[in-house]
Amino acid sequence: MDPVSDSEIVETGAGEARITWRPAAKARLVLAVSHGAGGGIEARDLQALAAALPPLGVSVALVEQPWRVAGKRLAPAPKTLDTGWRDLWPALAAQGLPVVAGGRSAGARVACRTAGELGAAGVLALSFPLHPPGRPEKTRAPELLGAGVPTLVVQGGNDPFGKPAEFPEGPYELTEVPFADHGFAVPKRASLTQQDALEVIIAAAGAWLGRLAL
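A quick note: this is a predicted structure, and the numbers were derived from the prediction, not measured. Here the residue index of a chain counts from 1 through its sequence in written order. Local features are withheld for residues below a pLDDT of 70 in this predicted model, meaning they are given only at 70 or higher, and side-chain atom pairs are given and counted only at 80 or more; totals for whole chains, interfaces and linings count all residues. Side-chain numbers here rest on the full set of heavy atoms in the structure, without hydrogens or water.

A. The pattern of salt bridges, seen in detail. Take a side-chain nitrogen of Lys or Arg and a carboxyl oxygen of Asp or Glu: if they are within 4 Å of each other, that pair is a salt bridge. Under the defined criterion, the tally for this structure stands at ten salt bridges. A salt bridge links D45 to R104, with the nearest nitrogen and oxygen atoms 3.1 Å apart. Residue D45 is found in helix α1 (residues 44-52), and its partner R104 is found in strand β5 (residues 99-104); the two are separated by 59 residues along the sequence. Accessibility assignment for this pair places D45 and R104 in one class, buried. We note a salt bridge from E143 to R113, for which the minimum N-O separation is 3.3 Å. Placement of the pair is E143 in helix α5 (residues 141-145) and R113 in helix α4 (residues 106-118), with a sequence separation of 30 residues. Buried residues are those whose accessible area, probed at 1.4 Å on protein chains only, stays under 20% of the maximum for their type, while exposed residues exceed 50% and partly exposed ones sit between those limits. By relative accessible area, R113 is classed as partly exposed at 24%. Comment: elements are numbered from the N terminus, with helices defined as DSSP H or I runs of at least four residues and strands as E runs of at least two.

B. Molecular detail of the packing of α1 against helix α6 (residues 194-211). At a closest axis distance of 10 Å, the pairing of α1 and α6 adopts a crossing angle of 60°. Between α1 and α6, the angle falls in the class oblique. Here the hand of the crossing between α1 and α6 comes out right-handed. Together, R44, D45, A48, L49 and A52 of α1 and Q194, L198, I201, I202 and A205 of α6 make up the contact between the two elements. Along the lines of polarity and charge, the residues of the contact of α1 with α6 split into seven nonpolar, one polar and two charged. To obtain an axis, a line is fitted to C-alpha atoms, over the contacting stretch when the element is a helix, and the angle between two such axes runs from 0 to 180 degrees between their N-to-C directions. Orientation labels follow simple angle bins: below 35 degrees gives roughly parallel, above 145 gives roughly antiparallel, 65 to 115 gives roughly perpendicular, and whatever is left gives oblique. Throughout, a crossing is termed right-handed when the near helix is turned clockwise from the far one, and left-handed when it is turned anticlockwise from it by less than a right angle. Between two residues, a contact is recorded if the distance between any of their heavy atoms is within 4.5 Å. In the scheme used here, Gly and all other residues not listed as nonpolar or charged are polar, with Ala, Val, Leu, Ile, Met, Phe, Trp, Tyr, Cys and Pro taken as nonpolar and Asp, Glu, Lys and Arg as charged.

C. Up close: the confidence of the model for the chain. One number per residue, pLDDT, summarises how confident the predictor is, and it ranges from 0 to 100. Residues with a pLDDT of 70 or more make up 98% of the chain, whose mean pLDDT is 95. When the criterion is pLDDT under 50, residues 1-5 qualifies, and its contacts beyond four places in sequence or with other chains add up to seven contacts.

D. Focus on the environment of S34. Along the chain, S34 falls in strand β3 (residues 29-34). By relative accessible area, S34 is classed as buried at 3%. Beyond its immediate stretch of four places on either side in the chain, S34 contacts L46, V63, Q65, W85, G102, G103, R104 and G107.

Here it is as C-alpha cells:
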C-alpha cells in the first residue's frame, strides 16, 4: 500500500473492512484502533489520537469492522469480530513496522483476545468494558488479563462499564480520565474540560507508546 493513501478496503472472512490511515512522516510503529459496538471511528478519542500521534512517529490506522462498512446497526458476535480483525491484520503489518493493537470498548476486547496470536507489539484498550452496566459479576477481566503483551488501559473515572477502582491487579497499566464516562465525555460541572480529558488520553497513549520496547 502507498503509505500516503488515505484509506483502503480489505477483504475479510466477515466482509469488507476499511482502514483509514493517518501516517507519520517517519513512522516507527503502527497503532491500529477500532471502534466499539455502538459507534464508529468518529469517536472523540480515536480522532484525537489520529491527529496527535503521527507527529510522534506513530502511524495511526483507524479500522472499521465489516459490519460498520456494510451499514449495519448492530455488531455481530465476538467470534465474527475477531475474524474480521485477524483477516485485516496483514494489511496493518504490510509496512514492516511493529503494530500495536487497539480499540475502544468492544474493539478493545477484540485487541486483547487476538494480540498474542497476531504478534501485536502491545494493546491500547480504550474504555475497556470490564462488565455490562450494573452487572459486575459478568466480568470480562480474563480477556484483559490474557492479552499476553504490554497493555495500557485508559478508562473514564465514571465509566458504567467499569470504573478504574473495579479493575483487578494484573500485567497492564491503567490511566484514569477523571469524571469521564464510557465515551470519555465529561460533565460541564467537572473540574476539567472536554479538551483536557482528551489531552489526558493523548498524553498517556503517547508516553506509553514511547516506552514500548520494539
